[in-house]
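Residue-level structural notes
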Amino acid sequence: MTTWTDEMKESVSKKKLYPFIVLDYKNEIINVYRNSKQCERENEFGFSSMGIRNCLNKKTRTHRGFRFEKISIELYKEYIGEE
């Protein structure tokens, strides 16, 4: 049985692309993320991966007062400046 290291988990997470945007209560874009795990690691608001996925799957409207909306891979690449 393999024990997963943090580096192994992050390398797998970087390959999965389920892009979304984070919106505040004014509908202003806070940030763009490639997946819920990246958002959980890199934000300062204390989002949980499960809470983000619940919003993206329309089970709840908000998580910690923020909205999350799925975007296309093409739009994600435009936001991050990748060709």
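Residues numbered from 1 in each chain as written. Predicted model: local features only at pLDDT ≥ 70, side-chain atom pairs only at ≥ 80, totals over all residues. Heavy atoms only, no water.

**Thoughts on the pattern of salt bridges**
Using the criterion set out here, one finds two salt bridges in the structure. Close ionic contact of Lys37 with Glu40 constitutes a salt bridge, the shortest N to O distance being 3.3 Å. With Lys37 and Glu40 both in helix 2 (residues 36-42), this residue pair falls three residues apart, about one helical turn. Residue classification places Lys37 among the partly exposed positions, given a relative accessible area of 39%. The residue Arg67 makes a salt bridge to Glu69 at a minimum N-O spacing of 2.8 Å. Taking the relative accessible area as the measure of exposure, Arg67 reaches 28% and is therefore partly exposed. For Glu69, a relative accessible area of 31% puts it in the partly exposed group. (Salt bridge = Lys/Arg side-chain N within 4 Å of Asp/Glu carboxyl O. Helix = DSSP H or I, 4+ residues; strand = E, 2+ residues; numbered from the N terminus. Buried < 20%, exposed > 50% of the residue type's maximum accessible area, 1.4 Å probe, protein only.)

**What to know about the side chain of His63**
With respect to the secondary-structure elements, His63 resides in the loop between helix 3 (49-56) and strand 3 (67-70). Judged by relative accessible area, which is 14%, His63 ranks as buried. Here Ser48 takes part through its backbone nitrogen, which lies 3.0 Å from a polar atom of the side chain of His63. If we ignore the near neighbours within four places in the chain, the residues touching His63 are Phe47, Ser48, Gly51, Ile52, Cys55 and Phe68. (Polar contact = N/O pair within 3.5 Å; in protein donor to acceptor, adjacent residues only side chain to side chain. Contact = heavy atoms within 4.5 Å.)

**Considering the environment of Cys39**
Positionally, Cys39 belongs in helix 2. A residue is classified by how much of its surface remains accessible, and Cys39, at 0% relative accessible area, is buried. C-alpha of Cys39 to C-alpha of Ile52: the two residues are 13 residues apart in sequence and 8.6 Å apart in space.

**Comments concerning the sheet that holds strand 1 (residues 20-23)**
Pairing is antiparallel across the open sheet formed by three strands, whose spatial order is 2-1-3. Of all the strands in the sheet, the pair left with one neighbour each is strand 2 (29-33) and strand 3. Across the sheet, the axes of successive neighbouring strands diverge by a mean angle of 25°, strand direction being ignored. As defined by bridge partners, strand 1 adjoins strand 3 across four bridges and the pair is classed as antiparallel. (Pairing = 2+ DSSP bridges. Axes fitted to C-alpha atoms, helices over the stretch in contact; angles between N-to-C directions.)

**Considerations on the confidence of the model for the protein chain**
Residues at a pLDDT of 70 or more form 96% of the protein chain, whose mean pLDDT is 90. Highest mean pLDDT in the protein chain belongs to strand 1 (97); lowest belongs to helix 1 (residues 6-15) (74). (pLDDT = per-residue confidence, 0-100.)

**What to know about the pairing of strand 1**
Consecutive residues of a regular strand have side chains that alternate between opposite faces of the sheet. Neither face of strand 1 is open: one carries Phe20 and Val22, the other Ile21 and Leu23, and all of them are buried. Across four bridges, the pairing between strand 1 and strand 2 is antiparallel. The residue bridging Phe20 from the neighbouring strand is Tyr33, located in strand 2. Here strand 1 folds back onto strand 2, and the loop between the two strands holds five residues, one of which, Asn27, carries a positive phi near 65°.

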